[in-house]
Each structure stands twice: as structure tokens, then as C-alpha cells.
Amino acid sequence: MPERPAGELLGIDDPEVDLQALQAEVRTLARRLRGGEPAADGTLPRRREPVLLDTADITPYPAPSGGGGPGGAALAVQRSVRRALRWYLWPVTARVGSHNRAVAEVVETQRRELSAMRREAERLAGETTLLDRRL
Amino acid sequence: MVVVRFGERLTGGAELHARQVALRLAAAGHEVTVLTTCAEDYVSWADQLPAGEHRDGSLRVLRFPVLAERDLARWEAAMQPILRGRWSDADEEALLREQGPDSPTLIEHLREQGTVYDAVIFFTLLYAPTVFGLPVVWDRAILVPTLHDEPAAMLDLQARALGLARFVLWNTPEERALAERLYGAVDVPQAVAGVGIDVATDGAGREAPASFGLERPYLLYAGRVDPDKGCGELFDAFLAWSARDTRADLVLAGRAWMDVPSHPRIRHLGFVDQADLHGLMRSAVATVIPSRNESLSMAALESLACGTPILVTAESPVLSGHARRSSAGLAYRDAAEFGVAASLLLDRPDERHAMGRDGSRYVAANFRWDRVMALYGDAIDRVSHLALSA
């Protein structure tokens with residue numbers, strides 16, 4: 001067993017069993033059992049996403065009102081207008097949505113950096129107090 | 001020492017860990033005060049124990065009341081922004097308060113009396129007493145994060161507490177890697193300490209398998225039988241395997257917090273004491289650990305110390321790390337790999353026993369109390385020399 005660096009865990013350096021080979025055998029036999037399908041991989045934990053993303057995507061349609069909405073002929077006209085403007089409005093809203101998402105990502109990056117700087121400022125303020133008291 | 005629950009009767013991993021460390025620090029000549037809540041139940045945090053000062057052997061224990069029991073509906077609502085992956089700073093504070101245990105008087109004690117202590121060791125980064133308490137006594141704070149891979153452990157407030165600690169003692173390198181993935185680089189003096197594993201060598205518990213009527217080979221699960229511990233997936237995998245290979249039973253040693261399938265080859269023993277548990281481990285084909293969220297896994301280490309290989313879910317980097325470093329464990333990604341690995345261990349007793357010997361050496365080399373307490377001692381010396389004087 002090699003000398004351990006302080007505060008680290010080490011594996012044994014002369015194992016009696018070739019674990020890698022055994023583990024590979026398990027994987028191969030299990031794959032056969034699954035009919036050649038690979039095992040599903042585990043998922044990585046979710047990271048924080050910008051809250052602003054909730055409002056990044058915009059729609060060319062007005063928000064639904066509290067009333068019952070138009071009916072009959074008015075609805076037919078509304079649909080026709082929407083269909084007629086689709087070629088123009090949809091690309092515009094897609095570009096605005098894309099811009100919003102990019103802004104949201106930048107804001108989140110800045111928030112993370114500010115958060116890290118706040119932590120560091122807090123730590124440094126404490127260190128300064130400590131040094132002041134020692135002087 | 002600050003820990004959310006404390007007492008001889010508590011069996012939770014971090015709480016047991018904290019008590020073992022506290023008792024050993026006291027035995028080494030430190031005056032140890034434990035700051036904890038009146039709660040025994042980690043779900044409700046209901047005040048079940050009297051507030052105030054108590055003795056636990058050589059330890060002075062100060063219990064503080066919890067502001068409110070956990071309201072599961074409100075806690076789940078507070079968790080939603082985190083689960084969606086989008087949350088604000090206010091959401092973080094709300095989640096920590098709802099998750100509990102919220103004990104303002106404990107934090108107040110740290111504010112008023114914190115400088116009395118040379119060092120303050122915080123156990124478990126997840127909970128409010130650490131997140132709100134550590135910044136109060138940052139200049140003498142040692143953190144034992146016992147971090148799990150879970151949504152509630154991704155908060156900036158936790159990153160803040162971690163960054164302010166004067167020393168961090170991890171359980172495993174995988175736990176440290178998880179912290180780096182969640183919070184970024186951890187630029188704090190640190191070490192991987194873990195715990196010491198005590199397994200009797202005098203043959204105690206040798207009769208346990210016979211006394212429980214276990215005559216066939218068996219895979220052992222040791223711990224709380226709980227869906228959060230992966231037991232649902234374990235039952236599915238075992239039942240699928242047992243339809244193909246009937247050579248071994250599944251034995252469960254621990255209290256059940258879920259329905260155990262009624263099946264002739266699944267035996268539920270309920271709670272068993274430690275000597276019997278180690279006796280059961282020694283005679284098992286393997287100890288199965290299906291839990292994704294582990295920062296250490298005492299069950300894995302005790303099994304390895306007993307000379308029994310481990311069969312672990314590959315979804316836990318900590319368990320996979322123990323299996324790889326010890327050369328005494330197989331990791332499975334799904335029910336097919338679980339079954340193949342179990343059959344291989346039964347097919348090859350020589351290799352299985354060799355794995356057991358490798359496992360014993362791994363634990364003996366890394367998880368000895370003298371090594372662990374030397375690291376705690378170093379951390380305390382370092383922090384107490386740096387701390388602001390009262």
C-alpha cells in the first residue's frame with residue numbers, strides 16, 4: 001500500500017481480483033440479456049436555470065382574456081388574420097424569443113458571478129477584521 | 001458541534017456520524033458541546049425532546065426548539081421552483097425555512113456565544129442550522145457537508161456557507177466532486193476524512209444467520225427499507241432475477257418504511273442489532289446497496305470490513321467509488337446487470353472471497369478512527385488558531 005497523501009482515500013494497489021474484467025463481463029452478459037440494448041445512463045443533477053427564461057418566449061397571439069372570447073364570425077376573422085400574418089409575425093417573435101433567452105443567460109451568468117464576488121467580499125471582510133484585531 | 005438531531009437512539013447516517021465523532025473528540029480531551037434541536041423525527045421536526053442543557057456521557061448537549069413542524073404541502077410547494085430548475089434567491093430562503101429544522105434560538109445562541117467555542121463543527125450542509133448558522137461563526141467553522149446528489153442541495157446559500165467555512169471534511173472524493181459540480185471550485189482547506197468502521201473480530205454475531213433461520217445463500221440489504229433508498233428498484237431487480245436464477249434469497253435487515261413484496265424468497269428481519277448485522281454480513285453472498293444518494297455509506301464499508309463484497313447501484317458515484325477503489329464491489333446500471341452480477345458472485349466463490357479480502361484491506365487502510373480523528377484534530381487546531389479571540 002503506497003503512503004497516503006494527507007486526507008485522501010486510496011484504493012488498494014495489488015488487488016487479488018481483476019475487478020475491471022469482472023465488471024466488463026457483467027456489462028457484456030447483461031447487454032446480451034437485453035437483446036443488445038445498452039443500459040440507460042443515469043441523469044446528472046439539474047442546474048439552476050435563469051428565472052427570466054419563463055418569460056423569454058413570446059407569442060404573436062394576445063394573452064387570453066378573462067371573458068369568453070370572440071365567437072362566431074369574429075373568431076373566423078381573427079383566425080384568418082392570424083393565418084395571413086403568420087409568415088411575418090412568427091419569424092419576428094422567434095427572433096425576439098431567441099434574444100430574450102440570450103439576455104436571460106447573460107443575466108444569470110452575471111448573477112452567479114456577483115454571488116461568488118459577494119461570498120468572496122464577505123470572506124475578505126472577515127479576514128480584514130481578523131487582521132485588524134491582531135494588530 | 002451543530003447537528004440537526006442528536007441522541008443515542010438516532011440511527012440516521014449523519015447524526016450517527018456526528019455522535020461518533022463527538023464522543024471521540026471528548027475522549028481525546030476536548031470539551032464538546034453539541035448544539036441541536038429538540039426533534040427526533042427528521043420528517044416533521046416535531047419537538048419531542050425537552051429544550052435546554054443535558055448530558056450525554058461526557059458531552060454537553062444544548063437542545064433548541066424548532067419554530068414550526070414541517071408542513072409537507074408547503075415544503076413541496078417551496079421545492080417546485082428548484083425542481084423546475086428556475087428559482088430566485090427568495091425561493092432558496094423559503095425552501096430552507098420550509099424544509100427545516102428552523103431553530104432561530106440555535107442561531108441566536110451562535111450569535112451570542114459563538115466566540116466561546118474554539119471551533120464549531122457543522123454537520124450536513126443541506127439544512128438551515130448550517131446554512132444560517134455557519135456564516136455567524138465563519139472564523140471558527142469546520143464543515144462536514146455529508147452532501148447528497150439531490151435538488152435541495154443546489155442552493156447558492158449552501159455554496160455561500162461552504163465557501164465561508166475555514167475547513168471542510170469530506171466523506172469521500174466523490175462527495176467533493178459533487179460539490180465542485182454543484183457550486184464550482186471549493187477554495188477552502190479540506191481533507192477527505194470519512195469515518196472509522198468498527199467491526200468486532202471476536203466472532204460476535206456468528207450465530208445470527210442460523211438464529212434467523214437463514215439456510216440458503218442470500219443477498220443482504222442493510223438499512224431503512226425505504227423507496228428513497230432505492231428499495232423499490234431493488235425489489236423489481238431481485239424479482240426479475242429470481243425468475244431466472246433461484247439460488248439466493250434477498251434478506252432485509254432494517255425497519256420498513258414501505259410495503260415489502262410478499263415473496264417466498266424475500267425475508268424481512270426488521271431491525272437487527274449491530275453484532276447480528278455484522279454476522280449477517282459475514283455470511284452473505286454480497287451486501288446490496290441500491291441507494292443513489294449516499295455521501296459515504298456505512299453499510300458498504302461495514303460489509304467490506306466483514307469481508308463481504310458489495311453489489312451497488314452505478315447511479316451513486318460514491319458507491320461506485322468504493323467498489324472501484326476496494327476492488328470488492330460490482331456496480332449495476334439496471335436490473336439485467338444486477339442479475340448477471342448476482343449470478344457471477346454465486347458462480348465464482350473463490351473470486352467472491354478474494355473480493356472480500358480486498359474489501360477488508362481497503363477499509364483497514366482508509367477507515368480507521370485514529371486516521372479520521374487525526375484529521376479532525378488537525379482541522380480543529382488550524383481553525384482555533386485562526387479564530388478571532390472573544
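These figures come from a predicted structure and were not determined experimentally.

**With respect to the overall build of chain A**
Item 1. Per the secondary structure count, chain A includes 2 helices and 0 strands.
Item 2. Within the span of chain A, comprising 135 residues, buried residues form 7% of the whole.

**Quick look at the overall build of chain B**
Item 1. Along the backbone of chain B there are 15 helices and 13 strands.
Item 2. Computed over the C-alpha atoms, the radius of gyration of chain B is 21 Å, within 12% of the 21 Å expected from 2.2 N^0.38 for a compact globule of 390 residues.
Item 3. With respect to the principal axes defined by its C-alpha atoms, chain B has extents near 65 × 45 × 40 Å.
Item 4. Expressed as a percentage of its 390 residues, the buried residues of chain B come to 53%.

**Considering the packing of helix α2 (residues 72-84) of chain B against helix α3 (residues 89-99) of chain B**
Residue and element names in this part refer to chain B.
Item 1. Put simply, α2 and α3 touch, their axes get as near as 9 Å, and they point 150 degrees apart. Classified by the interaxial angle, the pair formed by α2 and α3 is roughly antiparallel. Handedness of the α2/α3 crossing: left-handed. The residues of α3 that touch α2, namely those facing R74, W75, A78, M79, P81 and I82, are D91, A94, L95, E98 and Q99.
Item 2. For the contact of α2 with α3, the per-class residue count stands at 7 nonpolar, 1 polar and 3 charged.

**Re unusual backbone geometry**
All names here are of chain B.
Item 1. Going from G100 to P101, the amide bond is cis rather than trans, its omega being -5 degrees.
Item 2. With phi around 40 degrees, T146 is a residue other than glycine that occupies positive phi space.
Item 3. Here T146 shows up in the loop between β5 (141-144) and α6 (156-164).
Item 4. You can call T146 buried: it has 24 C-beta atoms within 10 Å.
Item 5. The backbone of S297 shows a phi angle near 70 degrees, a positive value even though the residue is not glycine.
Item 6. With respect to the element layout, S297 can be found in the loop between β11 (286-289) and α11 (298-305).

**Examining the sheet that holds strand β1 (residues 33-37) of chain B**
Consider a sheet: its strands pair through backbone hydrogen bonds, and that pairing is either parallel or antiparallel.
All names here are of chain B.
Item 1. Reading across from one edge, β1-β3-β2 is the order of the 3 strands in this open sheet, with mixed pairing throughout. Looking at the sheet topology across the chains shown, the edges are occupied by β1 and β2 (52-56). Within this sheet the neighbouring strands show an average axis-to-axis angle of 30 degrees, counted without direction.

**A short note on the environment of S316 of chain B**
Residue and element names in this part refer to chain B.
Item 1. Along the polypeptide, S316 turns up in the loop between β12 (310-313) and α12 (317-326).
Item 2. Taking the number of C-beta atoms within 10 Å as the measure of exposure, S316 has 26 and is therefore buried.
Item 3. Remark: the alpha-carbon pair of S316 and E294, spanning 22 residues in sequence, is separated by 6.9 Å.
Item 4. If we ignore the near neighbours within four places in the chain, the residues touching S316 are S291, R292 and E294.

**Quick look at the domain arrangement of chain B**
Residue and element names in this part refer to chain B.
Item 1. Its domain assignment divides chain B into domain 1 (13-196 + 369-386) and domain 2 (208-366).
Item 2. Of note, the centres of domain 1 and domain 2, computed from C-alpha atoms alone, are 30 Å apart.
Item 3. Listed by partner, the interface residues are 13 residues for domain 1 and 9 residues for domain 2.
Item 4. When residues of the side of domain 1 that touches domain 2 are assigned to their parent elements, the largest contribution, 3 residues, is made by helix α7 (residues 173-183).
Item 5. Considering only residue class, the side of domain 1 that touches domain 2 consists of 3 nonpolar, 6 polar and 4 charged.

**Some words on the sheet that holds β5 of chain B**
All names here are of chain B.
Item 1. Here 4 strands make up an open sheet; going across it, the order is β4-β5-β6-β7 and the pairing parallel. Edge positions in the open sheet fall to β4 (120-123) and β7 (190-192), since each of these has one partner strand only. Each strand of the sheet is rotated relative to its neighbour by a mean of 20 degrees, with strand direction disregarded.
Item 2. One ladder, built from 2 bridges, connects β5 with strand β6 (residues 167-170); its direction is parallel. Note that in β6 the partner of L143 across the bridge is V168.

**Examining helix α9 (residues 231-242) of chain B**
Item 1. For α9 of chain B, with 12 residues, the first-to-last C-alpha span of 16 Å sits near the 16 Å given by 1.5 Å per residue.
Item 2. Those residues of α9 of chain B not exposed but buried are C231, L234, F235, A237, F238 and W241 of chain B.

**A word on the interface of chain A and chain B**
Item 1. At the junction of the two partners, chain A supplies 41 residues and chain B supplies 46 residues.
Item 2. Considering each element in turn, the side of chain A that touches chain B owes the most residues, 9 residues, to helix α1 (residues 19-33) of chain A.
Item 3. Grouping the amino acids of the side of chain A that touches chain B by side-chain chemistry returns 20 nonpolar, 7 polar and 14 charged.

**Observations regarding the pairing of strand β9 (residues 249-253) of chain B**
Residue and element names in this part refer to chain B.
Item 1. In terms of burial, β9 is a largely internal element, 5 of the 5 residues being buried.
Item 2. Here β9 shows no split at all, with D249, V251 and A253 on one side and L250 and L252 on the other all buried.
Item 3. Bridge count for strand β8 (residues 218-222) against β9 is 5 bridges, and the pairing is parallel. Looking across to β9, one finds that Y221 is bridged to L252.
Item 4. This β-α-β element, β8 to α9 to β9, shows right-handed connectivity.
Item 5. Sheet topology places β9 next to strand β10 (residues 266-270); 4 bridges connect them, and they run parallel. Considered in β10, the bridge of L252 is made with H268.

Rules of the game
- Residues numbered from 1 in each chain as written.
- Chains lettered and ligands numbered in written order.
- Predicted model: local features only at pLDDT ≥ 70, side-chain atom pairs only at ≥ 80, totals over all residues.
- Helix = DSSP H or I, 4+ residues; strand = E, 2+ residues; numbered from the N terminus.
- Buried ≥ 20, exposed ≤ 12 C-beta atoms within 10 Å, placed from the backbone.
- Rg over C-alpha atoms; globule rule 2.2 N^0.38 Å.
- Axes fitted to C-alpha atoms, helices over the stretch in contact; angles between N-to-C directions.
- Parallel < 35°, antiparallel > 145°, perpendicular 65-115°, else oblique.
- Left-handed = near helix turned anticlockwise from the far one by under 90°.
- Contact = placed C-beta atoms within 7 Å.
- Nonpolar A, V, L, I, M, F, W, Y, C, P; charged D, E, K, R; others polar.
- Pairing = 2+ DSSP bridges.
- Domains from an automatic or database assignment.
- Expected span 1.5 Å × (residues − 1).
- Right-handed = clockwise from strand over helix to strand, strands pointing away.

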